[in-house]
There are 4 protein chains.
Amino acid sequence: MDFAPTPRAQDLLTRIDRFIRDQIEPVEEAYLRQVTAQREGEFAVPPVLEQLKAKARDAGLWNLFLPQAVEVPGGPTSPGLPNADYAILAERMGRSAIASEVFNCSAPDTGNMEVLLHFGSPAQQERWLHPLLRGEIRSAFCMTEPDVASSDATNMRATAIVDGDEIVLNGRKWWSTGIGHPDCDVLIFMGLTDPTAHRYAQHSMVCVPRDAPGVTVERMLPTMGFLDGPHGHGEVSFDDVRLPLDAVIGTPGGAFGIAQARLGPGRVHHCMRLIGLAELALEHACRRAMSRTAFGKPLANLGGNRERIADARMAIDQARLLVLQAAWLLDTQGLQGALGAVSQIKVVVPNMAQGVIDMAIQLHGGGGLSDDFPLAGAWTMARSLRLADGPDEVHRGVVARLELAPYKPADAGGAA
Amino acid sequence: MDFAPTPRAQDLLTRIDRFIRDQIEPVEEAYLRQVTAQREGEFAVPPVLEQLKAKARDAGLWNLFLPQAVEVPGGPTSPGLPNADYAILAERMGRSAIASEVFNCSAPDTGNMEVLLHFGSPAQQERWLHPLLRGEIRSAFCMTEPDVASSDATNMRATAIVDGDEIVLNGRKWWSTGIGHPDCDVLIFMGLTDPTAHRYAQHSMVCVPRDAPGVTVERMLPTMGFLDGPHGHGEVSFDDVRLPLDAVIGTPGGAFGIAQARLGPGRVHHCMRLIGLAELALEHACRRAMSRTAFGKPLANLGGNRERIADARMAIDQARLLVLQAAWLLDTQGLQGALGAVSQIKVVVPNMAQGVIDMAIQLHGGGGLSDDFPLAGAWTMARSLRLADGPDEVHRGVVARLELAPYKPADAGGAA
Amino acid sequence: MDFAPTPRAQDLLTRIDRFIRDQIEPVEEAYLRQVTAQREGEFAVPPVLEQLKAKARDAGLWNLFLPQAVEVPGGPTSPGLPNADYAILAERMGRSAIASEVFNCSAPDTGNMEVLLHFGSPAQQERWLHPLLRGEIRSAFCMTEPDVASSDATNMRATAIVDGDEIVLNGRKWWSTGIGHPDCDVLIFMGLTDPTAHRYAQHSMVCVPRDAPGVTVERMLPTMGFLDGPHGHGEVSFDDVRLPLDAVIGTPGGAFGIAQARLGPGRVHHCMRLIGLAELALEHACRRAMSRTAFGKPLANLGGNRERIADARMAIDQARLLVLQAAWLLDTQGLQGALGAVSQIKVVVPNMAQGVIDMAIQLHGGGGLSDDFPLAGAWTMARSLRLADGPDEVHRGVVARLELAPYKPADAGGAA
Amino acid sequence: MDFAPTPRAQDLLTRIDRFIRDQIEPVEEAYLRQVTAQREGEFAVPPVLEQLKAKARDAGLWNLFLPQAVEVPGGPTSPGLPNADYAILAERMGRSAIASEVFNCSAPDTGNMEVLLHFGSPAQQERWLHPLLRGEIRSAFCMTEPDVASSDATNMRATAIVDGDEIVLNGRKWWSTGIGHPDCDVLIFMGLTDPTAHRYAQHSMVCVPRDAPGVTVERMLPTMGFLDGPHGHGEVSFDDVRLPLDAVIGTPGGAFGIAQARLGPGRVHHCMRLIGLAELALEHACRRAMSRTAFGKPLANLGGNRERIADARMAIDQARLLVLQAAWLLDTQGLQGALGAVSQIKVVVPNMAQGVIDMAIQLHGGGGLSDDFPLAGAWTMARSLRLADGPDEVHRGVVARLELAPYKPADAGGAA
């Protein structure tokens, strides 16, 4: 057992930490002020972002999330870090609202790149994967639907019907994150192809150009009042969107396997970023607790504040270890071996972060709810991740199923 | 012991319930859509609100929050309901985002009217109280400050210095709710007058015309991304605001007593409205739990959802009884007799509501975080009330102090 | 709405409070020391108890739990208090380990007396009810079984088979509280009579003399290490226990209705006694917090101790109001009208008490776990009531069922 | 980062697991039945225990807790396992009530052996350490006192006064675990020597023969009703116990440094054993959840039971990682480097275990509170460890102090 980061992870951590401090943090507040003021229909990316991306690419701090060394025509080869190494970097990036994007490590592009890398055709890779890897375009993932409980993916109603050498998409998706981004060029759409097939062979994933006829972004959805521009979360209708059959990723009916592969590392990334946010919130809480005075004492010395700070530290440290172990399981045992661990972190981390950030908000008084601190936004991120990529309840179900598997069920006497 | 509402409360409840269903609910969604789209600087009140207010006034459903029958020149006499009776009505109003205002029962006007009624001079009453009672103008309350821990009111830095027959105000306030409202005409400002006086005789309350020279609304503050127009929450600077001495409410140095009187009933109102919101959230949760299907079952039959619904019901019912008892104590024993009870509800209810609404959000999936349901807004209301009018920690401190009072302290050996 | 106790309840409260202080408390510790030292097979009642009972009977503080004025040959007529009045007295009794018994108000006799009063034949009443009402004998209730999940009463395996003019009992029961008491003379046994009848008409309740052939107390069960002598909790086997048919209470197959009637008030009693215990624990916590010093301060001023004391106060007060309301509903709307309320308190109160007592234990350090304070015993009482009379989960299920009843279920598409 | 156990730890785990299954488990129930029936004054060790110890010693599964390879005259040399390796073994031992003792790894002997190994004189080592290492005698640790808040060790009132070439002990200790054991031969006593010295140089540790004149075991203390024989927890008076000065461990005034060294690894041991107990409880919970049926379903499929099982799994896994990391920090950075980590686990693990075991109890119904399952005892162990070796509150304080250390305090204006 060894809890120390590898030298390589440690080295990259030092480098991205310096990059974020020197290059990103000085401009981040202005960036956020600009994008927060954008209303629906006004999304635009402040130019500083492309400048930062160019610097990061030049510094080799690029596509760090990829476990493989991937060569990209016209772009740098990714370093190929194990998940356990990348996790540490993701935590650091998570403290910033834009660092992930600067290092070309932001969702949903990361997952979409993984999908295209492993399952995309050469043509799909050339058209979509390479520009994504170079950071030239962005993408969206269209899975969740407004009209059904999407926690059960088999509920999905949108269709992807094969019609000769074409595939025709219909339906309505929402929470399509990133679709508002001016550079979003491609959507990965998931729909029902064959309801008569096996439960896990009914759906297809399709690459949809953002400007394909029939694709309409109906509206951008606020999350707890935040539009999250310039990428945002869209409700998108697909109305007889007709594409050549080679827009399908893999084969028709193959979506579930692809989706599974997409979600393991993505959940580790999300969770480590959230841990970074929770650490940031705890730092704010400590600073506030020591610098504000009430009733003649620093807040830290009032009531249960110290205990809450200790509880936050313990919750964060436990959650981090759990995520690192999940990443290590992904690296050493693959998706199946990490199944329970990944579901565990998906429950533990957002709940932990929600609690820690709520505590930090409370220590900040009204300011904690405003935009003067990153806390309101951080809370919203944590809260939304209790739903995104599978709600708590579904992941608890996975953990319980694995836990109970060794035990023989009682004979329930045929009752319902 | 008798847990039944009085016939009078029951009758009024029936009437406002019918009014809200017939008059308010049909227009509320459109109203909210309009005001939510307003950015800072664009606040305006949709005309339907004044129409509704006129109808409510004509129906005698007006100023219900006042425990006394108060005659108003040119307006209806208030019915004069005990707090325990009004509490039941406040719960009903709390389910709507605008009903309190329609019945001229919305904060901070209610508290400001109580202050002016009990402590205002005849001139102040004529100039500010009567238009407020008639619903012609609105008001703000300027107490909390950005630069100090306002949970300890003695931290207050803004000043209200007597200079001959004038009083001069300086300082910066924030979370001045209502100041963004186009009809906001008067601010009640609290500031430090005499730092050499007794701890509770140092501050003054002053009526400040919204357009007094030196009063500047620096910005409107978002709460978890919500600007809460058209009233909003402002950061306000007071820069040598010079007013005649008779702008002081009561006497200089008398603010603490006035503030105390203001807060008891106001906390009951807030809490009962929140209970209404929590009930609304639970209804949404139940409806969703029975109408959405996943894994072949209604959500209600999955995992711990039923238990959470039961927990919500138990939490709401307990909290409601606690508030009603606090209201009854206010009615029967006055502010001092209800001190602990009021602090108790101020902790219990917002925390309870935050939890119930969070549960309802979870059952709604991504929709719960959007504006498609009243849940994100309700959560924000509950969360902000864990800070407004005294944070949880301060109220827990009051409850503990009263609880421990009968016990003799250990001799701590002179240590700090 | 009126939260004041009735004058009658207030008067009786004053009287039993004085009786407990003057008569019971001075002897209680010695009593407990005696009975705690008793091992299985050694149960005996210290004589002081019968002396106290005689005094209580003479003072008219007797059978207070009965909502009706019941005349007893050779005993005092019970005062006939509404549940809401008695609840206040039960709280006071709950602070003492023996007061309930002194006032002839202890479980399971109370429930058994109610059953015999409402459903017993004149012969059963003369033989068992009257001596119970006079406090001459004690009783047990044999329902829960070791081999099945007794939370689902239809699981019951013990049988009560009608054989001509006899009824024959077989099976094994446990947690038969009171069966160890030297004066226990009668058991009320519940068993399966007709598995072909309607789900709620299959079981019978039978009066079983403690010394009937075939009745064997196999062992006394410890609860968290406590044997709870001299009454205790037994595991009892019934081996061809043959009784005349008139030992059946009501009619064969009628047990469920009887059991229901038994449980409403009984749960109110249990809950109010637990509230008394929680208050006692909070008092101990406060006394300790103020009298012990660590790090130069009374414990009350360390860390989150004050907040926990405040939280305990708020939890107790809410729970008490909920129980009083449930009692009031029983009084005004009967069992059906109070169904949800009774299930609510059965979840809320033991969990609340468990938490409050745990907090008090923590403030007492190791002493809190010992027998030097009533806390370890109180915790065990609270914990066991999360299981006795239906586990939390069953009662949450009742609350949720009632809550969801108004909502139409989704069509689950025929899936399991 | 590497989460796999070392080959050596894995090998030993396999061996002790087999030993426990083959040798200990078949006799454990009978052993427990015997000792549970023992009352105060009757403590005796069933002979099987010495037989098991001999087998374990012969198999080299002995003194595994020692990080060093220690040679013992007449006994086997300890393998010398790093804390992180031993932790895994301690978890396995923790599932059994007697395995730790069988492998000579049970508290308080382990801590006492570490103290004597590092700080004992050659004479002390020969007289006490070697028999302890050979498992011939047992020991107790006398630190906590009944009359003061022992969470603050500087409160200690017992005295160890140097009088010429003797040291004289006076005072009263309690929760002296192990003192009831028939083989307990030595007590390590801590007392105040010089109140004028620096806060951390006032106390001494002294080796006291169990039969020294003036040592009286006043009584054995029950923990939640359990006497925990044959070792038990004693209240011990020291009445002018006069010993030669060389009974002092190290030098007079040196106790605090010794106590610190004792507590780091000891807490890791306690915590890992508790994790074993929590795993055992979870297994019982799962088995019960799948084998008992209510309302026509296995308990696992009712209400929130699955979620609770998932929550238990996640809580255990997080806690285990935290303990393993603390052990690794002890190994790689020493006591100071592991200070915060050790305090963290001391809070996290007992609370986690208490919760998991409580859940398991609930699934077992009344049986969970009885002695039929190891759950009531396990709960009591977890609960008592929230107090033993420093209560939660003290350890939270350590964690918070370290967390807040980097932040500059506010100037509190000289107020208290």
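Every chain's residues receive numbers from 1 upward, in the order its sequence appears when written. Working convention: letters from A go to chains and numbers from 1 go to ligands, in the order in which they are written. Only residues with pLDDT of at least 70 get local features here, since the model is predicted, and only at 80 or more are side-chain atom pairs given and counted; chain-wide, interface and lining totals rely on the full set of residues.

Novice: Which residues make up the overall build of chain A, and what are the values?
Specialist: Helix and strand assignments come from DSSP, with helices taken as H or I runs of at least 4 residues and strands as E runs of at least 2, each series counted from the N terminus. The secondary structure content of chain A amounts to eleven helices and ten strands. Taking the principal axes of the C-alpha coordinates as reference, chain A spans close to 75 × 65 × 40 Å. Whether a residue is buried, exposed or partly exposed is read from the other C-beta atoms within 10 Å of its own C-beta, which are placed from the backbone; 20 or more gives buried, 12 or fewer gives exposed, and intermediate counts give partly exposed. Taken across its 416 residues, chain A has 60% of its residues classed as buried. The long-range share in chain A, meaning contacts at least 24 apart out of those at least 6 apart in sequence, stands at 72%. For every residue pair, C-beta atoms are placed from the backbone, and the pair is scored as a contact if these atoms sit within 7 Å.

Novice: An account of the UniProt feature "domain: Acyl-CoA dehydrogenase/oxidase C-terminal" (unreviewed entry) in chain A is requested, with residue identities and associated values reported.
Specialist: When the UniProt feature table is mapped onto this chain numbering, "domain: Acyl-CoA dehydrogenase/oxidase C-terminal" (unreviewed entry) sits at residues 256-401 of chain A. Taken end to end, residues 256-401 of chain A comprises 78% helix and 3% strand; its first and last C-alpha atoms sit 20 Å apart. UniProt positions are given in the numbering used here, feature names are shortened, and annotations may be inferred rather than shown by experiment.

Novice: Please set out the relation of the copies chain B and chain D residue by residue, giving values where relevant.
Specialist: With an RMSD of 0.0 Å, chain B superimposes on chain D once it is rotated by 180 degrees and translated 0.0 Å along the axis. Taken together, these values place the two copies in the relation of a two-fold axis. In terms of proximity to the rotation axis, the leading residue of chain B is Gly304(B), whose C-alpha is 1.9 Å off the axis. Take the interface residues of chain B: 100% of them recur as interface residues in chain D, which is what a same-surface contact looks like. When the copies are overlaid, the least-squares fit takes in C-alpha atoms only where the residue has pLDDT of at least 70 in both copies.

Novice: Give a detailed account of the interface of chain D and chain A, specifying residues and quantitative values.
Specialist: Taken together, the contact between chain D and chain A spans 49 residues of the former and 49 residues of the latter. If you list the elements that add at least two residues to the side of chain D that touches chain A, you get helix 7 (255-291), strand 10 (297-298), helix 8 (305-337), helix 9 (339-363) and helix 11 (392-404) of chain D. A total of 14 residues in the side of chain D that touches chain A trace back to one element, the largest contributor, which is helix 8 of chain D. Tallied by class, residues from the side of chain D that touches chain A come to 29 nonpolar, nine polar and eleven charged. For this classification, the nonpolar set comprises Ala, Val, Leu, Ile, Met, Phe, Trp, Tyr, Cys and Pro, the charged set comprises Asp, Glu, Lys and Arg, and every other residue, Gly included, is treated as polar.

Novice: Any details on the nonpolar core? Residues and values, ideally.
Specialist: Under the definition applied here, buried Ala, Val, Leu, Ile, Met, Phe, Trp, Tyr and Cys residues are grouped into a nonpolar core through C-beta atoms within 7 Å. Formed by 387 residues in total, the largest nonpolar core has its most connected members in Val323(A), Val323(B), Val323(C) and Val323(D). Once residues lying within four places of it in the same chain are set aside, the contact partners of Val323(B) are Ala87(B), Val268(B), Cys271(B), Met272(B), Ile275(B), Ile345(B) and Val349(B).

Novice: Give me the lowdown on the confidence of the model for chain A, citing residues and values where you can.
Specialist: Every residue carries a pLDDT, the predictor's confidence in it, which falls somewhere between 0 and 100. For chain A, the mean per-residue pLDDT works out to 95, and 98% of the residues sit at or above 70. Per the prediction output, this complex has pTM 0.97; the corresponding ipTM is 0.97.

Novice: Residue-level account of the domain arrangement of chain A, with values.
Specialist: Residues and elements named next belong to chain A. Residue ranges for the domains originate in an automatic or database domain assignment. On domain assignment, one finds that chain A holds domain 1 (7-106), domain 2 (139-253) and domain 3 (256-404). In this complex, domain 1 contributes 13 residues to the contact, which on the side of domain 3 involves 18 residues. Sort the elements by how many residues they give to the side of domain 1 that touches domain 3 and helix 3 (residues 83-94) lands first, with eight residues. Split into classes, the residues belonging to the side of domain 1 that touches domain 3 amount to six nonpolar, four polar and three charged.

Novice: So what's going on with the relation of the copies chain D and chain A? Which residues, and what values?
Specialist: Once chain D has been moved 0.0 Å along the axis and rotated by 180 degrees, it coincides with chain A to within an RMSD of 0.0 Å. Interface overlap between copies: 100% of the residues of chain D at the interface are likewise at the interface in chain A, consistent with a symmetric, same-surface contact.

Novice: Could you give an account of the UniProt feature "domain: Acyl-CoA oxidase/dehydrogenase middle" (unreviewed entry) in chain A, with specific residues and numbers?
Specialist: In this structure's numbering, the residues bearing the UniProt feature "domain: Acyl-CoA oxidase/dehydrogenase middle" (unreviewed entry) are residues 140-241 of chain A. As annotated, residues 140-241 of chain A has a helix share of 0% and a strand share of 50%, and its two end C-alpha atoms lie 16 Å apart.

Novice: Mind laying out the interface of chain B and chain D, listing which residues take part and the relevant values?
Specialist: If you look at the interface, chain B gives five residues, while chain D gives five residues. Residues that form the side of chain B that touches chain D fall into these classes: one nonpolar, two polar and two charged.

Novice: A description of the environment of Val208(A) should follow, citing residues and the corresponding values.
Specialist: Residue position: Val208(A) is located in strand 5 (residues 203-209). Residues contacting Val208(A), with those up to four places away along its chain left out, are Leu169(A), Val186(A), Leu187(A), Phe189(A), Val215(A), Val241(A), Leu243(A) and Ala247(A).

Novice: Explain unusual backbone geometry residue by residue, including any values.
Specialist: Cis geometry is found at the peptide bond from Ala107(A) to Pro108(A), where omega equals 0 degrees. Relative to the assigned elements, Pro108(A) resides in the loop between helix 4 (99-102) and helix 5 (109-119). The omega torsion of the bond from Gly229(B) to Pro230(B) falls at 5 degrees, within 30 degrees of zero and hence cis. Residue placement: Pro230(B) occurs in the loop between strand 6 (215-220) and strand 7 (233-244). One non-glycine residue, Asp240(A), lies in the positive phi region at around 50 degrees. Assessed through the 9 C-beta atoms surrounding it within 10 Å, Asp240(A) is described here as exposed. For Asn63(D), which is not glycine, the phi dihedral falls at a positive 55 degrees.

Novice: Break down the pairing of strand 4 (residues 184-192) of chain D for me, with residues and values.
Specialist: Residues and elements named next belong to chain D. When you tally the buried positions in strand 4, you get eight out of nine residues, the bulk of the element. One requirement defines pairing of two strands: DSSP has to find at least two bridges between them. Strand direction decides the pairing type here: strand 1 (residues 138-142) and strand 4, joined by five bridges, are parallel. For Phe141, the partnering residue across the bridge sits in strand 4 and is Ile188. Where strand 4 lies against strand 5 (residues 203-209), seven bridges are found, and the strand directions are antiparallel. Directly across from Leu187, in strand 5, lies its bridge partner Val208.

Novice: Give me the lowdown on helix 3 of chain A, citing residues and values where you can.
Specialist: Residues and elements named next belong to chain A. When the terminal C-alpha atoms of helix 3 are compared, their 15 Å separation across twelve residues agrees well with the 16 Å that a helix rising 1.5 Å per residue should span. Summarising burial for helix 3: twelve of the twelve residues are buried, a large majority. Against the buried residues of helix 3 lie helix 1 (7-36), helix 4, helix 7 (255-291) and helix 8 (305-337). Multiply 1.5 Å by the residue count of a helix minus one, and that product is the helix's expected span.

Novice: Describe the packing of helix 5 (residues 109-119) of chain C against helix 6 (residues 122-133) of chain C, and please don't skip the residues or the numbers.
Specialist: Residues and elements named next belong to chain C. At their nearest, the axes of helix 5 and helix 6 sit 10 Å apart, and the two run at 145 degrees to each other. Viewed along their axes, helix 5 and helix 6 form a crossing whose handedness is left-handed. Side by side, helix 5 and helix 6 meet where Asp109, Asn112, Met113, Leu116 and Leu117 of the first sit next to Gln124, Gln125, Trp128, Leu129, Leu132 and Leu133 of the second. To define axes, lines are fitted to C-alpha atoms, for helices over the stretch in contact only, and angles between the resulting N-to-C directions are given on a 0 to 180 degree scale. The sense of a crossing depends on the near helix, which, turned anticlockwise from the far helix by less than a right angle, makes the crossing left-handed and, turned clockwise, makes it right-handed.

Novice: Mind laying out the packing of helix 3 (residues 83-94) of chain B against helix 7 (residues 255-291) of chain B, listing which residues take part and the relevant values?
Specialist: All names here are of chain B. Relative to each other, helix 3 and helix 7 sit at 40 degrees, their axes nearing to 6 Å. Comparing the axis directions of helix 3 and helix 7 gives the class oblique. Handedness of the crossing formed by helix 3 with helix 7: right-handed. Residues Asn83, Ala87, Ala90, Glu91, Arg92, Met93 and Gly94 of helix 3 form the contact with helix 7, whose own contacting residues are Pro265, Val268, His269, Met272, Arg273, Leu274, Ile275, Gly276 and Leu277. Classifying every residue of the contact of helix 3 with helix 7 by side-chain character gives nine nonpolar, four polar and three charged. Here is the rule for angles: anything less than 35 degrees is roughly parallel, anything more than 145 is roughly antiparallel, 65 through 115 is roughly perpendicular, and the remaining ranges are oblique.

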